[in-house]
Amino acid sequence: MSARIYQRPKNAMQSGKALLGQWILEFAPSEARRADPLMGWTGSGDTQVQVVLKFDSQAEAQAYADKYGIEAVVHATPPRRLKIQAYADNFR
(Lines give C-alpha, C1' and ligand atoms only; values in the text may rest on other atoms or scores of the structure.)
Protein backbone atom coordinates (compact mmCIF):
# COMPACT_ATOMS: atom_id res chain seq x y z
CA MET A 1 0.00 0.00 0.00
CA SER A 2 1.52 3.30 -1.06
CA ALA A 3 0.47 6.88 -0.45
CA ARG A 4 1.55 10.45 -0.99
CA ILE A 5 1.83 13.22 1.56
CA TYR A 6 1.49 16.82 0.47
CA GLN A 7 0.47 20.19 1.83
CA ARG A 8 -2.92 21.51 0.80
CA PRO A 9 -2.51 24.02 -2.06
CA LYS A 10 -4.10 27.46 -2.04
CA ASN A 11 -7.41 27.67 -3.85
CA ALA A 12 -6.91 29.75 -6.99
CA MET A 13 -10.49 31.00 -6.91
CA GLN A 14 -10.31 32.60 -3.47
CA SER A 15 -7.88 34.90 -1.77
CA GLY A 16 -8.23 33.35 1.70
CA LYS A 17 -5.52 31.26 3.31
CA ALA A 18 -7.62 29.00 5.51
CA LEU A 19 -6.51 25.36 5.84
CA LEU A 20 -3.19 26.00 4.06
CA GLY A 21 -1.28 24.46 6.97
CA GLN A 22 -2.94 21.07 6.59
CA TRP A 23 -1.01 18.09 5.31
CA ILE A 24 -2.91 15.47 3.32
CA LEU A 25 -2.21 11.73 3.11
CA GLU A 26 -3.82 10.17 0.01
CA PHE A 27 -3.57 6.54 -0.98
CA ALA A 28 -2.47 5.57 -4.48
CA PRO A 29 -4.90 3.49 -6.53
CA SER A 30 -4.14 -0.22 -6.35
CA GLU A 31 -6.09 -1.14 -9.48
CA ALA A 32 -6.92 0.61 -12.73
CA ARG A 33 -10.25 2.30 -13.25
CA ARG A 34 -12.54 0.68 -15.79
CA ALA A 35 -15.66 1.71 -17.64
CA ASP A 36 -18.98 0.22 -16.58
CA PRO A 37 -20.38 -1.76 -19.53
CA LEU A 38 -23.96 -0.55 -19.04
CA MET A 39 -23.67 3.14 -18.17
CA GLY A 40 -20.11 3.92 -19.25
CA TRP A 41 -19.17 5.47 -15.91
CA THR A 42 -15.63 4.87 -14.72
CA GLY A 43 -15.02 3.20 -11.40
CA SER A 44 -13.09 0.54 -9.57
CA GLY A 45 -13.38 -1.75 -6.60
CA ASP A 46 -10.57 0.06 -4.79
CA THR A 47 -12.14 1.90 -1.85
CA GLN A 48 -8.79 3.06 -0.39
CA VAL A 49 -8.68 5.89 -2.96
CA GLN A 50 -11.67 7.51 -1.24
CA VAL A 51 -9.77 7.83 2.05
CA VAL A 52 -8.13 11.23 2.59
CA LEU A 53 -6.45 11.82 5.96
CA LYS A 54 -5.65 15.34 7.18
CA PHE A 55 -2.85 16.21 9.62
CA ASP A 56 -1.60 19.42 11.22
CA SER A 57 2.04 18.82 10.29
CA GLN A 58 4.19 16.79 7.95
CA ALA A 59 5.77 14.96 10.88
CA GLU A 60 2.36 13.73 12.08
CA ALA A 61 1.48 12.44 8.62
CA GLN A 62 4.84 10.70 8.27
CA ALA A 63 4.54 9.18 11.75
CA TYR A 64 1.08 7.80 10.89
CA ALA A 65 2.43 6.25 7.68
CA ASP A 66 5.38 4.71 9.53
CA LYS A 67 3.16 3.36 12.31
CA TYR A 68 0.88 1.51 9.90
CA GLY A 69 3.56 0.44 7.40
CA ILE A 70 2.41 2.68 4.57
CA GLU A 71 5.04 3.54 1.97
CA ALA A 72 4.57 7.30 1.75
CA VAL A 73 6.24 9.73 -0.60
CA VAL A 74 6.40 13.32 0.66
CA HIS A 75 5.88 15.99 -1.99
CA ALA A 76 7.55 19.23 -0.94
CA THR A 77 5.55 22.43 -1.16
CA PRO A 78 6.97 24.78 -3.78
CA PRO A 79 7.80 28.26 -2.50
CA ARG A 80 5.15 30.88 -3.18
CA ARG A 81 6.30 33.78 -5.28
CA LEU A 82 4.36 36.98 -4.86
CA LYS A 83 4.09 39.28 -7.83
CA ILE A 84 3.62 42.67 -6.24
CA GLN A 85 1.91 44.90 -8.72
CA ALA A 86 0.02 48.15 -8.45
CA TYR A 87 -3.26 48.71 -10.27
CA ALA A 88 -1.61 51.54 -12.23
CA ASP A 89 0.81 49.02 -13.78
CA ASN A 90 -2.07 47.72 -15.91
CA PHE A 91 -2.06 50.98 -17.88
CA ARG A 92 1.65 51.29 -18.68
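Residues numbered from 1 in each chain as written. Predicted model: local features only at pLDDT ≥ 70, side-chain atom pairs only at ≥ 80, totals over all residues. Heavy atoms only, no water.

S.K.: Go over the overall build of the protein with me, naming the residues and quoting the values.
M.R.: A count of helical and extended segments in the protein gives 1 helix and 6 strands. For a compact globule of 92 residues, the expected C-alpha radius of gyration is about 12 Å, and the protein comes in at 19 Å, more than 25% above that figure. The proportion of buried residues among the 92 residues of the protein is 15%. A separation threshold of at least 6 residues defines the contact pool for the protein, and within that pool the share at least 24 residues apart is 52%. Accessible surface, the protein: about 7,600 Å² in total, of which carbon and sulfur atoms supply 55%. Computed over 12 positive and 9 negative side-chain charges, the separation of the two mean positions in the protein equals 12 Å. (Helix = DSSP H or I, 4+ residues; strand = E, 2+ residues; numbered from the N terminus. Rg over C-alpha atoms; globule rule 2.2 N^0.38 Å. Buried < 20%, exposed > 50% of the residue type's maximum accessible area, 1.4 Å probe, protein only. Contact = heavy atoms within 4.5 Å. Areas by Shrake-Rupley, 256 points an atom, 1.4 Å probe, with all protein chains shown as cover. Lys, Arg positive; Asp, Glu negative; His and termini not counted. Charge placed at Lys NZ, Arg CZ, Asp CG, Glu CD.)

S.K.: Could you give me a rundown of the environment of Y6, with the residues and numbers involved?
M.R.: Mapped onto the secondary structure, Y6 falls in strand β1 (residues 2–7). With relative accessibility at 15%, the residue Y6 sits in the buried group. With 20 residues separating them along the chain, Y6 and E26 place their C-alpha atoms 8.5 Å apart. Look past the residues within four positions of Y6 in its chain and what remains in contact with it is Q22, W23, I24, E26 and H75. A polar atom in the side chain of Y6 sits 3.0 Å from the side chain of E26. (Polar contact = N/O pair within 3.5 Å; in protein donor to acceptor, adjacent residues only side chain to side chain.)

S.K.: Just give me the short version of the packing of aromatic side chains, but keep the residues and values in it.
M.R.: This structure, assessed with the given rule, holds 3 aromatic pairs. Geometrically, the ring pair formed by Y64 and Y68 is tilted, given 4.7 Å between the ring centres and 50° between the ring planes. Centroid distance Y87 to F91: 5.3 Å. Interplanar angle 75°. Geometry classified as edge-to-face. The two residues Y87 and F91 agree in class, both being exposed. Cluster of aromatic residues (ring-pair linked, three or more members): F55, Y64 and Y68. (Phe/Tyr/Trp six-rings, centres within 6.5 Å; stacked < 30°, edge-to-face > 60°.)

S.K.: For the sheet that holds strand β2 (residues 23–27), give the residues involved together with the corresponding values.
M.R.: If you walk across this open sheet you meet the 4 strands as β5-β2-β1-β6, and the pairing is mixed. Two strands bound the open sheet, and with one partner strand each, they are β5 (52–55) and β6 (71–74). The mean angle between the axes of side-by-side strands here comes to 25°, regardless of whether they run parallel or antiparallel. Here 4 bridges tie β2 to β5, and the two strands are oriented antiparallel to one another. Note that in β5 the partner of W23 across the bridge is F55. (Pairing = 2+ DSSP bridges. Axes fitted to C-alpha atoms, helices over the stretch in contact; angles between N-to-C directions.)

S.K.: Break down unusual backbone geometry for me, with residues and values.
M.R.: Only a minority of non-glycine residues have a phi that is not negative, and only a minority of peptide bonds are not trans. Positive phi, close to 65°, is recorded for L19, a residue that is not glycine. With respect to the helices and strands, the residue L19 is situated in the loop between β1 and β2.

S.K.: Account for the side chain of D46, naming residues and giving values.
M.R.: Following the sequence through the fold, D46 ends up in the loop between β4 (42–43) and β5. Here Q48 takes part through its backbone nitrogen, which lies 3.3 Å from a polar atom of the side chain of D46.

S.K.: Provide a residue-level description of the pattern of salt bridges, including the pertinent values.
M.R.: Within this structure, the stated rule accounts for 3 salt bridges. The shortest N-O distance in the salt bridge between D89 and R92 comes to 3.3 Å. (Salt bridge = Lys/Arg side-chain N within 4 Å of Asp/Glu carboxyl O.)

None of this, on its own, says anything about what the molecule does.
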